[in-house]
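So the chains spell out like this:
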Amino acid sequence: MTVSLEVAEGVGTLRLNRPPLNALDVATQDRLKELAEEATRREDVRAVVIYGGEKAFAAGADIKEMQVMDHTAMVLRARALQDSFTAVARIPKPVVAAITGYALGGGCELALCADYRIAAENAKLGQPEILLGLIPGAGGTQRLARLIGPSKAKDLIFTGRQVKADEALALGLVDRVVAPDQVYAEAHAWAARLAQGPAIALRAAKESIDTGLETDIETGLAVERNWFAGLFATEDRERGMRSFVEEGPGKAKFL
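Throughout this document, residue positions are counted from 1 along each chain, in the order its sequence is written. Confidence filtering applies because this is a predicted model: local features only for residues at pLDDT of at least 70, side-chain atom pairs given and counted only at 80 or more, and all residues used for totals across whole chains, interfaces and linings. Here the side-chain values reflect all heavy atoms present in the structure, with hydrogen atoms and water set aside.

S.K.: Give a description of the pairing of strand β1 (residues 3-8) that names residues and reports values.
M.R.: Pairing between two strands is assigned when DSSP locates at least 2 bridges connecting them. Where helices and strands are cited, they refer to DSSP runs of H or I of at least four residues and of E of at least two residues respectively, numbered from the N terminus. Bridge analysis of β1 against strand β2 (residues 11-16) gives six bridges, and the strand direction is antiparallel. Looking across to β2, one finds that Val-7 is bridged to Gly-12. Hairpin remark: β1 followed by β2, antiparallel, with two residues in the connecting loop; positive phi at Glu-9, about 55°.

Written out as structure tokens, the structure reads:
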């Protein structure tokens, strides 16, 4: 399988495995969507790591496959391409991308679907589609601009240039840079910590933030307000407040 879902101790790892550089062909895109939806459904998955292995996260789409596609073929495929990435972005649980080597084109767009990004010191990220006479088609024009701002996103998309990990960190494209052999361990630790947290409250926080970024502030505030009130019906809220009163802050156990 070009993508697998491995689950241990509440953390699901979505592992890309299409050597040598995890090119995202149609079959890989479809499998990614299938497993993202599985991770969404499974109660034993409480946080997710996206990982491409030690050498590369994903170097982009399969250009040889795309080269033979005409306009009609891509009209039929473009929605499915976006849907596969959106399925990852819509996982209602904390998601972290563990980025090694190249994260270019579709690989960068996949990383943008995560809530948090940890990159290796030797990682390179970018949206080089313009060099093919194209634009990003799996959410790059939208998610990148929302993450780092429109002018910085336009610079990367207009030029197609690659950025090293230190510049990606400065741009806000990644959130932490670590040694290459520590990328997965750091990402897994981030996910494992949140896998111990209150699942419904984490879902509420993620949906409130993401919805607010996609709409006006009044709508975002309404989503936040409804989730905030709704959480008062959960066991986790009872457990968290009881622990705070009886034991002090930060000691509640939610599993």
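S.K.: Which residues make up the sheet that holds strand β8 (residues 162-164), and what values do they have?
M.R.: Where strands meet in a sheet, backbone hydrogen bonds hold them as pairs that are either parallel or antiparallel. Read from one edge of the open sheet, three strands run β5-β7-β8, paired in mixed fashion. Single-partner strands in this sheet number two, and they are β5 (102-104) and β8. Within the sheet, the average angular offset between the axes of one strand and its neighbour, ignoring direction, is 20°. Geometry is summarised by axes, namely lines fitted to C-alpha atoms with helices restricted to the contacting stretch, and by angles between N-to-C directions that run from 0 to 180 degrees.

S.K.: Which residues make up unusual backbone geometry, and what values go with them?
M.R.: Of the consecutive residues Pro-19 and Pro-20, the connecting peptide bond is found in the cis state with omega at 5°. By secondary structure assignment, the location of Pro-20 is in the loop between β2 and α1 (26-41). Non-glycine residue Glu-9 carries a positive phi angle of around 55°. Here Glu-9 lies in the loop between β1 and β2.

S.K.: Outline the packing of α1 against helix α3 (residues 71-89), listing residues and values.
M.R.: Packing of α1 against α3 leaves a shortest axis separation of 8 Å and a crossing angle of 40°. In terms of axis orientation, α1 runs oblique to α3. α3 is crossed by α1, and the crossing has left-handed handedness. On α3, the residues that touch Val-26, Gln-29, Asp-30, Leu-32, Lys-33, Ala-36 and Glu-37 of α1 are Arg-77, Leu-81, Asp-83, Ser-84, Ala-87 and Val-88. Each residue receives one of three labels: charged for Asp, Glu, Lys and Arg, nonpolar for Ala, Val, Leu, Ile, Met, Phe, Trp, Tyr, Cys and Pro, and polar for the others, Gly being one of them. In terms of residue class, the contact of α1 with α3 is made up of six nonpolar, two polar and five charged. By definition in this entry, angles of less than 35 degrees are roughly parallel, angles greater than 145 are roughly antiparallel, angles of 65 to 115 are roughly perpendicular, and the rest are oblique. Put simply, a crossing is left-handed when the front helix is turned counterclockwise from the back one by less than a right angle, and right-handed when it is turned clockwise. Only heavy atoms enter the contact rule, under which two residues are in contact if any of them lie within 4.5 Å.

S.K.: Talk me through the pattern of salt bridges; I want residue IDs and the actual numbers.
M.R.: Any carboxyl oxygen of Asp or Glu within 4 Å of a side-chain nitrogen of Lys or Arg constitutes a salt bridge here. Tallied over the entire structure, the rule returns 15 salt bridges. As a salt-bridge pair, Arg-90 and Glu-214 come within 3.3 Å of each other at their nearest N and O atoms. Of the two residues, Arg-90 is situated in the loop between α3 and β4 (95-99) and Glu-214 in helix α9 (residues 199-214); the sequence distance between them amounts to 124 residues. Partly exposed describes any residue whose relative accessible area lies between the buried limit of under 20% and the exposed limit of over 50%, with all areas from a 1.4 Å probe on protein chains only and scaled to the type maximum. Taking relative accessible area as the criterion, Arg-90 reaches 47% and is therefore assigned partly exposed. Between Arg-161 and Glu-167 there is a salt bridge, with its nearest N and O atoms 2.7 Å apart. For Glu-167, a relative accessible area of 29% gives the class partly exposed. A cluster of three or more residues bridged by salt bridges with shared partners is formed by Arg-18, Asp-25 and Asp-62.

S.K.: Lay out the packing of aromatic side chains in plain terms, naming residues and giving numbers.
M.R.: The aromatic pairing rule takes the rings of Phe, Tyr and Trp, using the six-membered ring of Trp, and pairs them if the centres are within 6.5 Å, calling planes under 30 degrees apart stacked, those over 60 edge-to-face and the rest tilted. By the definition in use, this model includes three aromatic pairs. Relative to Tyr-184, the ring of Tyr-51 lies with its centre 4.7 Å away and its plane at 40°, an arrangement referred to as tilted. Taken as a pair, Tyr-51 in strand β3 (residues 47-51) and Tyr-184 in helix α8 (residues 183-195) lie far apart in primary sequence, 133 residues in all. Look at Tyr-116 and Trp-190: their rings are 5.1 Å apart centre to centre, the planes differ by 5°, and that puts the pair in the stacked class.

S.K.: Tell me about the side chain of Gln-127, and name the residues and values.
M.R.: Here Gln-127 lies in the loop between β7 (124-126) and α5 (140-148). Distance and chemistry together define a polar contact, namely a pair of N or O atoms within 3.5 Å, with one atom able to donate a hydrogen and the other to accept it when in protein, and with adjacent residues in sequence counting only for side-chain atoms on both sides. Engagement of the side chain of Gln-127 in a polar contact is seen with the side chain of Glu-129, the distance being 3.1 Å. Not counting residues within four places of it along the chain, the set of residues in contact with Gln-127 comprises Gly-105, Cys-108, Glu-109, Leu-112, Pro-136, Gly-140, Leu-144, Leu-156, Ile-157, Gly-160 and Arg-161.

S.K.: How would you explain the nonpolar core if you had to name every residue and give the values?
M.R.: Nine residue types can take part in a nonpolar core, namely buried Ala, Val, Leu, Ile, Met, Phe, Trp, Tyr and Cys, and a core is a set of them joined through side-chain atoms within 4.5 Å. Grouped together as the largest cluster of nonpolar side chains are 60 residues, with contacts concentrated most on Phe-57, Ile-99, Leu-125 and Leu-173. It is α8 that contributes the most residues to this core, six residues altogether. For Leu-125, the residues in contact, after removing those within four places along its chain, are Ile-99, Ala-103, Leu-104, Arg-161, Gln-162, Val-163, Ala-168, Leu-173 and Val-174.

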